[in-house]
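These are the residues of each chain, in order.
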Amino acid sequence: MTPLPLIEEWTNAFPPRYRPVPTPGDGSGRVRGFFTDTTLCIGCKACEVACKQWNQLPADGFAFTGHSYDNTRSLSATTWRHVTFKEKADGERLRWLMMSDVCKHCHDAPCYQSCPTGAILYNEHGDVYVQPDICNGCGYCISACPFGVLGRSEDDGHAHKCTLCYDRQNDGLEPACAKACPTASIQFGPLEELHEWARKRVEELHARGQTDAYLYGADSVGDYGSLNSFFLLTDHPNEYNLPEAPPQPLRQLGPRYAAALLTGAALTVLSAFLFRRGERHGR
Amino acid sequence: MAVESPEPRTFFPPSPLGGEGLGVRGPSPAEFTPLNPSSSPPRGEGDKAPSYYDVSMLKPPVWGWEIATYFFLGGVSAGAYLLARMAERFGGGREVTRVGAAVAVGAAVPCAPLLIKDLGDPKRFHHMLRVWKPQSPMNLGAWTLTAYTGTAFLALLREWLRGADESERPEWGRVADGLVVAVTDAAGVPLALLLAGYTGVLLSATATPAWAKNPWLGPLFSASAISTGAAAISLALEWRKDGRGREALEGIDTAAHLAEAAALTGYLAAAWRLAGPLTHGSQAGPFWGAVASLAVSEALKHLAPRGRWWSMAASVLGLAGSYALRWAFVHAGPPSANDPDAARWASRDRRSAGEMVEFRTAKDADHSSSSP
């Protein structure tokens, strides 16, 4: 390798000024996010394709999973939108549960907290963003995420995930997936407006007899507050491969550190005692 | 839309509060009318646990043998360092201090290269130190390892420079020595304690079911570090046919093994069925091998006739057992995260205080997660 890219690496790693967490939002205090209404999803995968095209993500190869019309399987470093496609026998009937899955852009995100390089940050739109020029591929975020969103690319060894179309948001455009969705199943906008709209939608569905409709991630779910990507579901979250109560494993580390350090300290003190006793006995 | 099912939502058991409880024990889907539409509990499919084609919702950890080896060597180094410092302060013999300082450096040297090799982009290893971010256990660990390696080298340098006869030392030499000791004790000892234990905390700070939020991993790795440090020093002393301080080291090793056994029991009780990959999954070999190896090591120390070779065998078994234990814990991550049942169980809603009815028993070695 020529020295120049290495020098570039080093100067990238140490920017003149490091700002840990910018205030979320665009200054108006409004954070934008996704509302994915699965009752409108037709499983066309236009969002997957639009995401791949706009973000220039490589293909994942041709795989046959046997999981109905889902041959993508899961989110990954090169798949930032994934349409789950569940065929479910419900008594005599067959139901299709389709949902376009995406990074939840959590507040208090475990990937952000775990990232040892500071590559993952909250950008000026309030979204969780992986800086591709900083990530060194340690893989901690991959294990920290309870939704299995992040993956490590085989090509460059870095972690990648949905950026909530950072570049498009900068230009005042909605993300490619929301733009491409033909049924408005994926909606993008300020979260308060989306929440209001989503609650109305649930009430409407209930009034029409679909009483199993509910929102996932609009209110607190598991260890999290509301998620910046929330969903309208009509069945158990596990049917869509979402965790029932996602854990935030990096919360309450204090007691765990204390237990580890106290164990070590107690044994160290005991060793001092044993050494002293041994010396006194001349052994 | 809703289809009649004879049983009310079977994947949540009756509420411990009785009656309608928290409202999560629900009516049958047909009469299901949530009070709050946006937080209403969902329903399952008859008696089958809901799932998505048995695809796990988690991604497997990417850490391999490098990390397992680093966890072991970092523990040996930190343990030997702590014991060397205690031996100097409280009198375990000069040789324990010297050998301990050498073991601490010898085990610490391969750590950074192993960690760098495991990165997806190794030439960016220095990005670990571009921020100070202690809320990330890995960032804290990177800083700890860096600073600790410095103090370990300093301690070894001091041992190397110290002459046999300290009474001939000039005044400035004693002042300099005092300063160095202040650094190796006041800074080095807390750093070594952190290095010994943070690795367990790091594993517990992941969503991987076998590790997630388990409070016993830190104490387990801390105790294991002390025992391996004692075993490594003991082995080196025996090799050099120097018995002084060895009895204290054996006592420390035994105490650390007892703490390790307690932490391991706590881990298994807390993880319960999520410990499947360790207890009867793909890592059962290393795991039970480690337990047996540590037990035999203790038995040799206390039951075998006293002799140099028996003692060395006990130390080697202690070290091998601890390495196998780290190996099993690190390699239990991928099968655990890939197990859809374990992933669902680890992220179940505990407010319902219950169990999903259908939690399958072992399907195969790598997907086993039924209760041990």
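Residues numbered from 1 in each chain as written. Chains lettered and ligands numbered in written order. Predicted model: local features only at pLDDT ≥ 70, side-chain atom pairs only at ≥ 80, totals over all residues. Heavy atoms only, no water.

Caption draft 1: Structural view of the overall build of chain B. From N to C terminus, chain B includes twelve helices and zero strands. When the accessible surface of chain B is summed, it comes to about 14,400 Å², and 66% of that surface belongs to carbon and sulfur atoms. (Helix = DSSP H or I, 4+ residues; strand = E, 2+ residues; numbered from the N terminus. Areas by Shrake-Rupley, 256 points an atom, 1.4 Å probe, with all protein chains shown as cover.)

Caption draft 2: Local environment of the packing of helix α1 (residues 65-90) of chain B against helix α6 (residues 217-239) of chain B. Residues and elements named next belong to chain B. For the pair α1 and α6, the least separation of the axes is 7 Å and the interaxial angle reads 70 degrees. Between α1 and α6, the crossing angle belongs to the class labelled roughly perpendicular. Crossing of α1 against α6: the hand is right-handed. Packed against α1, whose contacting residues are F71, F72, G75, V76, G79, A80, L82 and L83, the element α6 presents F221, A225, I226, T228, G229, A230, A232 and I233 at the interface. A per-class count over the contact of α1 with α6 returns twelve nonpolar, four polar and no charged. (Axes fitted to C-alpha atoms, helices over the stretch in contact; angles between N-to-C directions. Parallel < 35°, antiparallel > 145°, perpendicular 65-115°, else oblique. Left-handed = near helix turned anticlockwise from the far one by under 90°. Contact = heavy atoms within 4.5 Å. Nonpolar A, V, L, I, M, F, W, Y, C, P; charged D, E, K, R; others polar.)

Caption draft 3: Quick peek at the pairing of strand β10 (residues 229-233) of chain A. Residue and element names in this part refer to chain A. Judged by how many residues are buried, β10 sits mostly within the fold: five of five residues are covered. Note that strand β9 (residues 214-216) and β10 share three bridges and pair antiparallel. When the sheet's bridge partners are listed, L215 is paired in β10 with L232. (Buried < 20%, exposed > 50% of the residue type's maximum accessible area, 1.4 Å probe, protein only. Pairing = 2+ DSSP bridges.)

Caption draft 4: Looking closely at the packing of α6(B) against helix α7 (residues 246-271) of chain B. Residues and elements named next belong to chain B. Across the interface, α6 lies against α7 with an axial gap of 8 Å and an inter-helix angle of 155 degrees. On the basis of the axis angle, α6 is roughly antiparallel to α7. Along this stretch, α6 crosses α7, giving a crossing that reads as left-handed. Within the contact between the two elements, α6 uses L217, P219, L220, A223, S224, I226, S227, A230, I233, S234, L237 and E238 and α7 uses R246, L249, I252, D253, A256, H257, A259, E260, A263, L264 and Y267. Among the residues making up the contact of α6 with α7, the classes are represented as 15 nonpolar, four polar and four charged.

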